[in-house]
Amino acid sequence: MKKYSFVIPGTTGSVKHYIPIPDGGKVAGIRAVVNSTQTSGTAVVKVGKKGAANVLFTADLGTTGANGIGNVAKGVANASATDAEKAQMFDGSVPLELDIQLVVAGSVGITIEMDEFGVGGLRP
């Protein structure tokens, strides 16, 4: 399992960022943390293949439960993702799309877990 971590400055609204995964693999999970107050269900990080119909994971950055300022939000697997989307292997030519939607501007720390061999399923 390989992990890639980023800190991305966010603005209000939905902003898409594209990341070429250098060593390749399949997305196995994400975790995100935000440094500003957010609204549950509205402030989210979504991850999947650029242009895919369905994202693979969504992390709720809101203020309910374990989420909120300085707390880690674990990505939840999207049940609507197709088997082909779940099995998508990323490499330097297939970018990962991060859709970050914030209610209040702030920075988002994100860790993406990659299964470089593509043998595992999506982690809950």
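These notes cover the structure that comes with them. (Residues numbered from 1 in each chain as written. Predicted model: local features only at pLDDT ≥ 70, side-chain atom pairs only at ≥ 80, totals over all residues. Heavy atoms only, no water.)

1. Details of the sheet that holds strand β1 (residues 2-10)
Adjacent strands of a sheet pair through backbone hydrogen bonds, lying either parallel or antiparallel.
So, step 1. An order of β1-β9-β3-β6 is seen for the four strands of this open sheet, with the pairing classed as antiparallel. The open sheet terminates on both sides in strands that have one partner only, identified here as β1 and β6 (73-74). (Pairing = 2+ DSSP bridges. Helix = DSSP H or I, 4+ residues; strand = E, 2+ residues; numbered from the N terminus.)

2. Thoughts on the pairing of strand β3 (residues 26-34)
So, step 1. Counting buried positions over the nine residues of β3 gives seven, a clear majority of the element.
So, step 2. One ladder, built from eight bridges, connects β3 with strand β9 (residues 106-115); its direction is antiparallel. By the bridge assignment, Gly-29 is partnered in β9 with Glu-113.
So, step 3. Where β3 meets β6, two bridges bridge the pair, whose relative direction is antiparallel. What sits directly across from Arg-31, in β6, is Lys-74. (Buried < 20%, exposed > 50% of the residue type's maximum accessible area, 1.4 Å probe, protein only.)

3. Some thoughts on the environment of Ser-40
So, step 1. As for its position among the elements, Ser-40 is in the loop between β3 and β4 (44-49).
So, step 2. Relative accessible area serves as the criterion here: at 29%, Ser-40 is assigned to the partly exposed category.
So, step 3. The sequence separation of Ser-40 and Val-103 amounts to 63 residues, and the corresponding C-alpha distance is 9.6 Å.

4. Some remarks on the packing of aromatic side chains
Aromatic ring pairs are defined here through the distance separating the ring centres and the angle between the ring planes.
So, step 1. Under the criterion given, the structure shown has zero aromatic pairs.
So, step 2. Above the plane of the ring of Tyr-18 lies Lys-50, whose end atom (NZ or CZ) is 5.6 Å from the centre. (Phe/Tyr/Trp six-rings, centres within 6.5 Å; stacked < 30°, edge-to-face > 60°. Lys NZ or Arg CZ within 6 Å of the ring centre and 35° of its normal.)

5. Here's the deal with the sheet that holds strand β8 (residues 96-102)
So, step 1. Strands sit in the order β2-β8-β4-β5-β7 across an open sheet of five strands; the sheet is antiparallel. In the strand order of this sheet, the two ends are held by β2 (13-19) and β7 (76-77), each with one partner.
So, step 2. The pairing of strand β5 (residues 57-60) with β7 spans two bridges and is antiparallel. Along β7, the bridge assignment pairs Thr-58 with Val-76.

6. A word on the pairing of β9
So, step 1. In terms of burial, β9 is a largely internal element, eight of the ten residues being buried.
So, step 2. Bridge count between β1 and β9: nine bridges; the pairing is antiparallel. Following the sheet pairing, Lys-2 is matched in β9 by Met-114.

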